[in-house]
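# A closer look at the structure
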Amino acid sequence: MVGPISESERDAGNRKIRIALLAIVTASPPLLALQLDPSPLQLLAALGGGFLVGLVVVWYLGRLAAEFSGSGRQPRRRR
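Cut-offs used in this document
- Residues numbered from 1 in each chain as written.
- Predicted model: local features only at pLDDT ≥ 70, side-chain atom pairs only at ≥ 80, totals over all residues.
- Heavy atoms only, no water.
- Helix = DSSP H or I, 4+ residues; strand = E, 2+ residues; numbered from the N terminus.
- Buried < 20%, exposed > 50% of the residue type's maximum accessible area, 1.4 Å probe, protein only.
- Areas by Shrake-Rupley, 256 points an atom, 1.4 Å probe, with all protein chains shown as cover.
- Salt bridge = Lys/Arg side-chain N within 4 Å of Asp/Glu carboxyl O.
- Patch = residues over 30% accessible without salt bridge, like charges linked within 9 Å, V, L, I, M, F, W, Y side chains within 5 Å.
- Expected span 1.5 Å × (residues − 1).
- Contact = heavy atoms within 4.5 Å.

### Focus: the overall build of the protein chain
- The helix and strand inventory of the protein chain stands at two helices and zero strands.
- With 79 residues in all, the protein chain has 13% of them scored as buried.
- Working note: accessible area of the protein chain is about 7200 Å², and carbon and sulfur atoms make up 64% of it.

Put into structure tokens, the structure is as follows:
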């Protein structure tokens with residue numbers, strides 16, 4: 001039987017997932033732009049825009065995961 005994973009293993013796994021997601025979101029706009037025969041500057045702009053969108057997506061999903069796992073801040077309850 002396999003025991004629970006350690007905190008360091010969980011952190012390493014989460015880091016790999018974040019990097020993979022960031023890479024996928026970053027690569028998507030330039031690949032789509034290649035269908036329209038872009039200039040190198042346009043391709044670089046698509047890459048930069050994809051990277052910024054990827055950062056936002058990874059940040060948002062991290063906050064969402066923390067909310068569901070209970071490791072983030074607990075929301076204040078109304079009385």
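### Side note on unusual backbone geometry
- A positive phi angle is found at Asp 37, which is not glycine, with a value near 55 degrees.
- Along the chain, Asp 37 turns up in the loop between helix H1 (7–33) and helix H2 (40–69).

### Quick word on the pattern of salt bridges
- According to the stated counting rule, one finds one salt bridge in the structure shown.
- Put simply, Arg 10 and Glu 7 hold a salt bridge, and the shortest N to O gap is 3.4 Å. Residue Arg 10 and its partner Glu 7 are located together in helix H1, separated by three residues, close to a single helical turn.
- The partly exposed category is assigned to Arg 10, whose relative accessible area is 38%.

### A short note on a nonpolar patch on the surface
- Nonpolar side chains collect at one region of the surface, where Val 56, Trp 59, Tyr 60 and Leu 61 lie side by side and expose about 450 Å² of accessible area between them.
- Within the fold, Val 56 resides in helix H2.

### Side note on the environment of Leu 31
- Within the element layout of this structure, Leu 31 appears in helix H1.
- The exposure class of Leu 31 is exposed, given its relative accessible area of 56%.
- Sequence-wise, Leu 31 and Leu 47 are 16 residues apart; in three dimensions their C-alpha atoms are separated by 9.0 Å.

### Looking at H2
- With 30 residues, H2 should cover 44 Å at 1.5 Å per step; its first-to-last C-alpha distance of 43 Å lies within 8% of that length.
- On the buried face of H2, the contacting elements are H1.

### Focus: H1
- Taking 1.5 Å per residue, 27 residues should reach 39 Å; H1 reaches 40 Å between its end C-alpha atoms and fits that length.
- Among all positions of H1, only Leu 22, Val 25, Thr 26, Pro 30 and Ala 33 are buried.
- Close packing links the buried residues of H1 with H2.

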